[in-house]
Structure formats: structure tokens, C-alpha cells
4 protein chains.
Amino acid sequence: MTREPRVTVWNEYRHEQANPVVAGIYPEGIHEALAAPLRAAGLDVATATLDEPEHGLTAARLAETDVLVWWGHKAHGEVADEVVARVHDRVLGGMGLVALHSAHFSKIFKALMGTGCDLKWREAGERERLWVVDPAHPITAGLPEMITLDQEEMYGEHFDIPPPDELFLVSWFQGGEVFRSGCTWRRGQGRIAYLRPGHETYPTYHHGEIQTLILNAVRWAAPVGAAKPTRGNQAPLEPLGN
Amino acid sequence: MTREPRVTVWNEYRHEQANPVVAGIYPEGIHEALAAPLRAAGLDVATATLDEPEHGLTAARLAETDVLVWWGHKAHGEVADEVVARVHDRVLGGMGLVALHSAHFSKIFKALMGTGCDLKWREAGERERLWVVDPAHPITAGLPEMITLDQEEMYGEHFDIPPPDELFLVSWFQGGEVFRSGCTWRRGQGRIAYLRPGHETYPTYHHGEIQTLILNAVRWAAPVGAAKPTRGNQAPLEPLGN
Amino acid sequence: MTREPRVTVWNEYRHEQANPVVAGIYPEGIHEALAAPLRAAGLDVATATLDEPEHGLTAARLAETDVLVWWGHKAHGEVADEVVARVHDRVLGGMGLVALHSAHFSKIFKALMGTGCDLKWREAGERERLWVVDPAHPITAGLPEMITLDQEEMYGEHFDIPPPDELFLVSWFQGGEVFRSGCTWRRGQGRIAYLRPGHETYPTYHHGEIQTLILNAVRWAAPVGAAKPTRGNQAPLEPLGN
Amino acid sequence: MTREPRVTVWNEYRHEQANPVVAGIYPEGIHEALAAPLRAAGLDVATATLDEPEHGLTAARLAETDVLVWWGHKAHGEVADEVVARVHDRVLGGMGLVALHSAHFSKIFKALMGTGCDLKWREAGERERLWVVDPAHPITAGLPEMITLDQEEMYGEHFDIPPPDELFLVSWFQGGEVFRSGCTWRRGQGRIAYLRPGHETYPTYHHGEIQTLILNAVRWAAPVGAAKPTRGNQAPLEPLGN
């Protein structure tokens, strides 16, 4: 019925070059691991990374992007404010954003949320169980009622985000914490999804159910195609006289 | 990407047989007027009416329905409770429901909402302006920022519904009222949309933008395809010992 | 600033009379255990139980009730439909409802939700951790960021409720499940809170933090005092002519 | 039951000194007109204005403020970024914010929303009708189901805000537009209300129902008193071994 969205996967791409463990799991970078299953589903996917000029997020690239997938972790501060403002404008104008894992602390996510976006965390390779709490949400299509990840970083509440418009996944962690792991928000004409899993030292993005989750989120976040709203001073549509 | 939903349009089909004004506007019934643009868009559409056996909503028919569109007005009380319960179960199981205009007072809508669903009204052929208040919502696809209906029945607040999960249209009426005219809710695995326009004595369902609105709502309400949740007594997934 | 709400605590009051374990924990009934800390906080509290005439919920009693607290478990089916309808009307008219634990399956809660309200469960005396996921919600006043209950019944997702208007508590269970344990909804002029804890074979309602939680919920659910909306046919407020 | 919040009313205070029409309506400034009915209700109210040092919003003043009321219009750009950041931190930490009318375009409101916050407008002295769409919301206490303002500036949709957590007022304007005029959001531990009315050239803040609305919003926005969430690296609460 509708065409598939054009995707750009953005990755910080630093861990893979500095940490042999991460390089072993994602030899071509997390961006390529994220792009591959989207391409296999028939989507048109480009990639962009921090160390490219303008971080690969030129006005031209964004203009051709329906949905931007974002993975960043240790270099959030190196993302230029002009690029963040450019992405922000595009999201308000209709481009979807799928923020993954530590992207919770990226400049673009924080600017769109308006909150601190902080949380609890622990790197202990513990078990995570992601429970579907809204089986009427399209991002849960084709998923079981629970996804198990044998080893993940823990993220715990309170997660300092605005109450999500929709909450569809809640995580259980072995160490005693819970987390709102699948959330959506609408901002301007844009649609935003946050998906928790994906610490760089675990093979999470090779997990088929997580790949389905990301594919669903990308499709969900595609631009809607409503008219751009008019702003500013307006003549009356109806007579004002008495 | 996904196949189009299979639709059943349900219509009370009484006004058209009793009132020449309505028969003049909808000579083949409101159900056929609703079905035609959905069929033109390529959807598979059946119809059902109150006076058919089981109101046309047999278990077999519902089993083959992805989205049920509902128009009723003066005979809500004649819809059998067993049929209402059957539809209710199917919605919780994933079938979409698009409730139109006076369906706000249907048994099925009230049962799903849990509230009185009452409102203000006036039949005076006045102008209605439907404003898009959420241009990131898929049901607004392809629509202008405002739809004008030159003659409609007025519905006014307070509309006694649960706060909608999503509110995308608010109506302005010439006589001084406003109304939440485009709303969605999720219930169980099912997706529900309410669209206000469509009083039987005005040609509202021949209006192209209203036809687009209904087509969008039908597509939005299609079953998602998540796993059916497990219920009841459960063995532990993790060891309970200390 | 505002006076304290007048409360009626409704209890099925059957387990306490049939099961010595429950009688040992709640010798005067769960209703008295719930009423005591509310009274200690200065609220005016009545009680009512299933086996009283009209279940103790006469029109006169409801008329003098600002907030109704509900605990029921094994005799939901014995609550008369007329009484359920009477309570339903009062909630839509502004009376608050605080539904506790197994009240998720009560007729009144299901009627207000419009969904099946089913869930997973396990009676294994396991540890529950209730995490605050919205520290801006008044029902979390005076609470720590997590409440630990050493022994409770497990309730697990998917909990078949409408997406709550507000979600402020999520439970972690030792056996691997999570649950949306503190939720609110607004229906008509009434305010509804659901609080998960309180299986009858554990001393949960003697726990000080749980008592604070219930007191907060009762205050939150008090009637607001807005004007009762007008319904039905309306004269125009503004001229309709052109 | 709870003490009244301590309030600071912040006003740009420029129109009153430059425009005789505004000075005629608010001879002591909009801040004093806003403060007077709050004081009459027994609240402790301070004021602060743009041209004071640090705009009157020192760390000490904010530390003693439970709820900040904000009115600004033509000098949003003159509010120092450091002061905006200070207020932002305080809101996330629990201070309430009541943003009035043209505060929709203030730096602090935009930072908290994450969106553009733009809208349609017209200065034509037309009639506004504010309809209560959620009579279960505390900010509607003591109000009629509709407030009429004979002369106001029009604000029209689409208003570029995040979908509000709660929507309780929708405005009708004589010229054909509608607007979401009473909205709330929760951010961090803070509570935010937006109330549309209050163009400086009309005597809106002398209107008793608007004064009730603002008083209700101030009380609603008061800090809740939940525990401050813990962040960062955490030891496990439960054993991680198998």
C-alpha cells in the first residue's frame, strides 16, 4: 500500500575501532549490522558516522532520509550543535527517529525530550527479559510476548523521559531493576521511537527478534504525509461582526 | 509492505428506507457509500446490516474481518447483546473498529469505552471545520490542515469518552461549540478509531476528504500481528530460592 | 486548602472467615486493616462488605462517599449487577475508585475499563520490587524510589487494561515477570487508581509504604468539583445565519 | 491536608511601561494582577521581572519557589540562557511551571517541550469560548462547563507542542479556529500547565473564572514530594549468578 521508508543509520563508530571485543562482534561497525536486516527486508538504507564531514548528516542526506536510526555512546559531546539543530528541524518536519540504547543521552534525543534522560546502569552481562505490555502496538508485530537477551547491560528506572505517548515494552533485569524499553513520542510532524537494547559488547543486534523490533520501529516512524501546518497571522475564516 | 485489511461495513440501514431525504443522498444505503471508496482503493469490503440474521455479524463473518466500520443511530437498542459480546471479543483479539458519527452511542462503542459516551447535539445544518491537531498521526495522511463541511449536525463537548490515546481532529461549529472529532484508543490487541462526521441527512460520506479520512482510519486500525498473550497460572522463569 | 475525602472501604470479606492464615493476618478483616491508616490520617472512613444488604453499597452510602476503595477476589460473580451499575454511575458522576490487587477482575473495574483485565499470576511467596517510574505523580508522595515486598503473589504482563492515563509504578518479580502496578484513568467526572499489591495471605496492608500509597491514591481520586456537563439538544450560542 | 505552594510570578513587564492601553488595564503590571487573587486565596506570592538583576530569578529565589508562573511576549530573546538553564533544572527537580498565553514562545517553555511551539494568531478582539473537555481534571474545579471571553487574541491549531499528558480546555474562536487551551505535561519531577488566555490589551486577568483557572493550575503544579531518583552505576539488588 505505501512504499518502504528510506533509512539512514547513524553510528558513532568509535568503539569498533578501539575495542577488539566490539570489533569482534561488529567487524564492519554497528551501522552495518543494523543496516543489513533492513536491506534484507527491501528497504533503501544509507549509513553515516561521526567522523565523516558533517557527521555524514548533510542537508542533502537528511532531505533524502525518511527515518534516521541513531546509535551513539561515548562521543555525544562531539556531535556539532549545528548538525543537531538540522536533525531536530527535520524531525519536527516529519522525519522519523529511532534512538537505540545509549542514544538516550545523545544531544538530539535530549533536545526532543526536554528532560535529562538519565537512568541507572550496570555492565554485568546479566539477563534481560523484554515483555510486551501493548500487543496492539505495530512495533510488536511478529514478536513473541517476551524477548530474552542472555547478556545485556542493565538500564534501570527512573528513566528521565517525558511520559511516553505509547509504552509497548518493559524490561526485567536479573539484578532487580525494570525499565521502559520500548517507547514512542510524536513531536511536530515527526515520530520518535526509543528501543533500549544494544550495548556494544554483546551481540544484541545479531538477535533476530531485536532485528524485527528495529524494522518494525523504522516502518512505524515513517513520515505520515499530512499537510504542513500554516503558522502566523491569519485572516478570519468567519465573519467577526455582531 | 503489508496486505490491505479485509473490511466489513456495518450499517443500521433504517433511515434510508424510511426517510426520502436520506434515501435521496444514499440510494443504496450508507454502507454502500462507505464501501465504494474503500473498494476503489483496492480493499476487500463486505457489508452487513441490522435486519440480516445475526445482523450480518456471524462468527464466520467476523473471523474474516480485519476492520469493522460501524454506522448506527436510532436502533442501537435492537442490536442483540450476544452479537455485541461477539464483536467485543473480536476487538480485544485484534480486529479493528472504526466507529462513525452516531455510533458513539452504540452498545459496542459504550462497552469498549466504559463511559456514558453522551454529548451535546443540534440539527441545524451548520458549518463544521475539522482542524488537524496532530499532523504526525497516520490518519491525517493526505489531508489538508482543515476540512470544511458546509452542513452538518453539531456535536459538542463534554463528550463522555475516556481521554483518547491519540487526538488528531478537533471540530469547530458555527453555533459556538467544539468537539474531539478524531480519536483513537487501543483495547486488548484491537485498535479503535472514532470519526465524528456523517449525519444521515447531509452528503458527508460523498466528500472526498472524509472518504480519505475513513480509508486512513481503516488502514490504521488493521490488526498488528503481535503474539496472543498467555494468561493464568505461570511457572517461574527464574529460580525463586534465596 | 481542600477538605479530606469521605471514604468507603469495600471488602469481599470471605477469605478472612474461611482461611485461618488470612484471619491470622487480618483478624478484623482486610477492610479494617485498610481503614485504620486512613482514619489515622484524619479521614472519615466507613466500611461495607459483600454479605451486607445491597453489599453495603446503598444509594445513601454512595451519596456520602467521595472515594470508594475496593478489595474482592473469589466472589466477584456474587456482586449484584444493579449495585455494579449504581457504583458505575457514581464514578462517572465524580466518585473516586481505588481498585486493589484482585479487584482487577471485579465487575466494576471491568465495566469501567472495557477490556478483559486478565493477567498472569503465581502464588509462590516471591519478592516484589515496585519501582517509581513517574516521580512527578502525586500518588508517589513520601515514597522511596522503590518499595520491596518480601513475599507477594506475582502478577505478570500482558495486563489487559486500556493504556493507563498515568503509569507511576512498575513491579519486578523474582520469577522473571514485570507488571504495571500503579495506574490511573479518568472516566466521566471520576478518577480511578489501580494498585497491584495485596494478596490476602501476606501482610501487605500492614506495610507502611503500602499504606502511604493507598492514602495518596485516595486523596488523588477525590472528586474535583467541576460543573456537571450539560447534554442533549442545544440552542446555538452564536448566530448561524450567513 | 497539604500546605499551599509558594509562588513566584514572573512577568516581562515591558508592554505596561510602553503601551498606555496595557498600562490602563494593568497599572501595576500583569505580575501584580496575577499575584493579587493568589494572595487573596492565602498563597505566599513573590514577583520577578525581566529587568531585575538575573531577571529576578536568582538561585535563592528559585530555591524558595514551589510554582513559577510565567508571562512573556516581546522580549523572549532577552532572557539569559543561564537563567533559562537554572529554571529548567529546577522544573526537572520538582518546581511547578504555569506558562500563560504568549509564554508558549518563551525559551523555557520551548526547552521543556522540545518542539517549535508555533501557532496561528490574530489580534481582532474576537470572542473566545473555552470548553471543559475533561471535567475530571483538578484544574477545572469550580469552573462552569464553558468560559466566555468577549475579547481576546485568537490562537489557532496546529499548536506545535508534544501531545499533552492531559488536555482539559479547548477554545472556540469567532473567526473559525480552535485551540488546545488547557494542557499539562510532567517533566522529571516537575509539573507544567499551559493556559492560553491573557493577551495584554484585554482585561483577561481581571476575569474571575480565569483567576480561578490560574489558582487551580498553581495548586495542581505544586511539588509532589517523591524521593529524588538515584542515577548512575548500580550494584545489583539480586544475585546475578546462575
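All values derive from a computational prediction rather than experimental measurement. (Residues numbered from 1 in each chain as written. Chains lettered and ligands numbered in written order. Predicted model: local features only at pLDDT ≥ 70, side-chain atom pairs only at ≥ 80, totals over all residues.)

Concerning the relation of the copies chain A and chain D
Operational definition: The least-squares superposition of copies is restricted to C-alpha atoms, and to residues with a pLDDT of at least 70 in both copies. Any residue pair is listed as a contact if its two C-beta atoms, each placed from the backbone, are within 7 Å.
Expressed as a screw operation, the relation of chain A to chain D combines 0.0 Å of axial shift with a rotation of 180°, fitting to an RMSD of 0.0 Å. Each copy turns onto its partner about a two-fold axis. Nearest to the rotation axis, the C-alpha of G114 of chain A is located 2.5 Å from it, this being the minimum over chain A. Of all interface residues in chain A, 100% are interface residues in chain D too; the two copies therefore contact each other through one and the same surface.

Structural notes on the interface of chain C and chain D
It is common to give the size of an interface as the accessible area lost on bringing the parts into contact. Rules: Asp, Glu, Lys and Arg are counted as charged, while Ala, Val, Leu, Ile, Met, Phe, Trp, Tyr, Cys and Pro are counted as nonpolar; the rest, among them Gly, fall into the polar class.
On the chain D side, the residues contacting the 27 residues of chain C number 26 residues. Taken together, the residues of the side of chain C that touches chain D break down into 12 nonpolar, nine polar and six charged.

Here's the deal with helix α5 (residues 81-92) of chain A
Residue and element names in this part refer to chain A. Condition: In this text, helices come from DSSP runs of H or I with a minimum length of four residues, and strands from runs of E with a minimum of two, each type numbered from the N-terminal end. Expected helix span is given by 1.5 Å per residue-to-residue step, counting one fewer step than there are residues. Counts of 20 or more other C-beta atoms within 10 Å of a residue's own C-beta define buried residues, counts of 12 or fewer define exposed ones, and intermediate counts define partly exposed ones; C-beta atoms are placed from the backbone. The arc in question is traced by the directions running from the helix axis to the C-beta atoms.
Helix length check: α5 (12 residues) gives 16 Å between terminal C-alpha atoms against 16 Å at 1.5 Å per residue, within 8%. What α5 keeps buried is the set V83, V84, V87, H88, R90 and V91. End-on, the buried residues of α5 take up no more than an arc of 165°, which puts them together on one face. Every exposed residue of α5 that faces more than 90 degrees away from the buried side is listed here: D81 and E82.

Focus: the relation of the copies chain C and chain D
Note on the copies: chain C fits chain D at an RMSD of 0.0 Å, the axial shift is 0.0 Å, and the rotation between them is 180°. Residue by residue, 96% of the interface of chain C is reproduced at the interface of chain D, so both copies engage with the same surface.

A few points about the interface of chain A and chain D
In this complex, chain A contributes 37 residues to the contact, which on the side of chain D involves 37 residues. When contributions to the side of chain A that touches chain D are tallied by element, the ones reaching two or more residues are α6 (107-113), β5 (120-132), β8 (178-187) and β10 (232-233) of chain A. Of all the elements, β5 of chain A adds the most residues to the side of chain A that touches chain D, at five residues. Considering only residue class, the side of chain A that touches chain D consists of 14 nonpolar, 13 polar and 10 charged.

A short note on the pairing of strand β9 (residues 190-195) of chain A
The two faces of a sheet get side chains in turn, since along a regular strand they alternate between them. Residue and element names in this part refer to chain A. This is how it is decided: Two strands qualify as a pair provided that DSSP identifies no fewer than 2 bridges between them.
With six of six residues buried, β9 is to be regarded as a mostly interior element. Burial of the side chains of β9 extends over both faces: G190, I192 and Y194 are buried on one face and R191, A193 and L195 on the other. Sheet analysis places strand β4 (residues 96-100) next to β9, joined by four bridges and oriented parallel. Residue V98 lies in a different strand from β9, and its bridge partner there is A193. As paired elements, β8 and β9 share six bridges and run antiparallel to each other. Counted as the bridge partner of R187 is G190 from β9. Hairpin connection between β8 and β9: a loop of two residues separates the two successive antiparallel strands, and G188 in this loop has a positive phi of roughly 60°.

Looking at helix α5 (residues 81-92) of chain B
In this structure, the buried residues of α5 of chain B make contact with α4 (59-63), β3 (67-71), β4 (96-100), α6 (107-113), β8 (178-187) and β9 (190-195) of chain B. Downstream of α5 of chain B by a residue or two, G94 of chain B has a phi angle that is positive, lying close to 130°.

Digging into the confidence of the model for chain A
Atomic detail in the predicted coordinates should be set aside for any region of low pLDDT. Worth spelling out the cut-off: Per-residue confidence from the prediction method is given by pLDDT, with values spanning 0 to 100.
On average, residues of chain A score 97 in pLDDT, and 99% of them reach the 70 mark or higher. This prediction of the complex comes with two scores: 0.98 for pTM and 0.97 for ipTM.

Comments concerning the packing of helix α3 (residues 30-40) of chain C against helix α7 (residues 208-220) of chain C
Residues and elements named next belong to chain C. Quick reminder of the rule: Helix axes use the C-alpha atoms of the stretch in contact, all axes being lines fitted to C-alpha atoms, and the angles between their N-to-C directions lie in the range 0 to 180 degrees. Throughout, the term roughly parallel applies to angles under 35 degrees, roughly antiparallel to angles over 145, roughly perpendicular to angles from 65 to 115, and oblique to all others.
Close contact between α3 and α7 brings their axes to 10 Å; oriented N to C, the two are set at 70°. Considering their axes alone, α3 and α7 lie roughly perpendicular with respect to each other. Mapping the contact onto sequence places L34, P37 and L38 in α3 and Q211, I214, L215 and V218 in α7. Grouping the constituent residues of the contact of α3 with α7 by class yields six nonpolar, one polar and no charged.

Description of unusual backbone geometry
The omega angle of the peptide bond from E157 of chain A to H158 of chain A is 10°, so this bond is cis rather than trans. Note on placement: H158 of chain A falls in the loop between β6 (146-156) and β7 (166-173). A positive phi angle, near 50°, is found at H101 of chain B, a position not held by glycine. With respect to the helices, strands and loops of the structure, H101 of chain B is situated in the loop between β4 and α6. Exposure remark for H101 of chain B: the 24 C-beta atoms within 10 Å place this residue in the buried category. Of note in the backbone geometry, H55 of chain C takes a positive phi value of approximately 55° without being a glycine. With respect to the secondary-structure elements, H55 of chain C resides in the loop between β2 (44-49) and α4 (59-63). On the basis of neighbour counts, which here come to 21 C-beta atoms within 10 Å, the residue H55 of chain C falls in the buried class.

Side note on the environment of L62 of chain B
Residue and element names in this part refer to chain B. Within the fold, L62 resides in helix α4. A residue is classified by how many C-beta atoms lie within 10 Å of it, and L62, with 20 of them, is buried. Considered as a pair, L62 and R90 are 28 residues apart in the sequence and their alpha carbons are 7.3 Å apart. In this view, L62 contacts L57, R86, V87, R90 and M95; residues no more than four positions away in its chain are not counted.

Some thoughts on the environment of H31 of chain A
All names here are of chain A. For H31, the location among the structural elements is in helix α3 (residues 30-40). In this structure the C-alpha to C-alpha distance between H31 and G190, which are 159 residues apart in sequence, comes to 22 Å. Discounting chain neighbours no more than four positions away, the residues touching H31 are V9, N11, Y13, T47 and T49.

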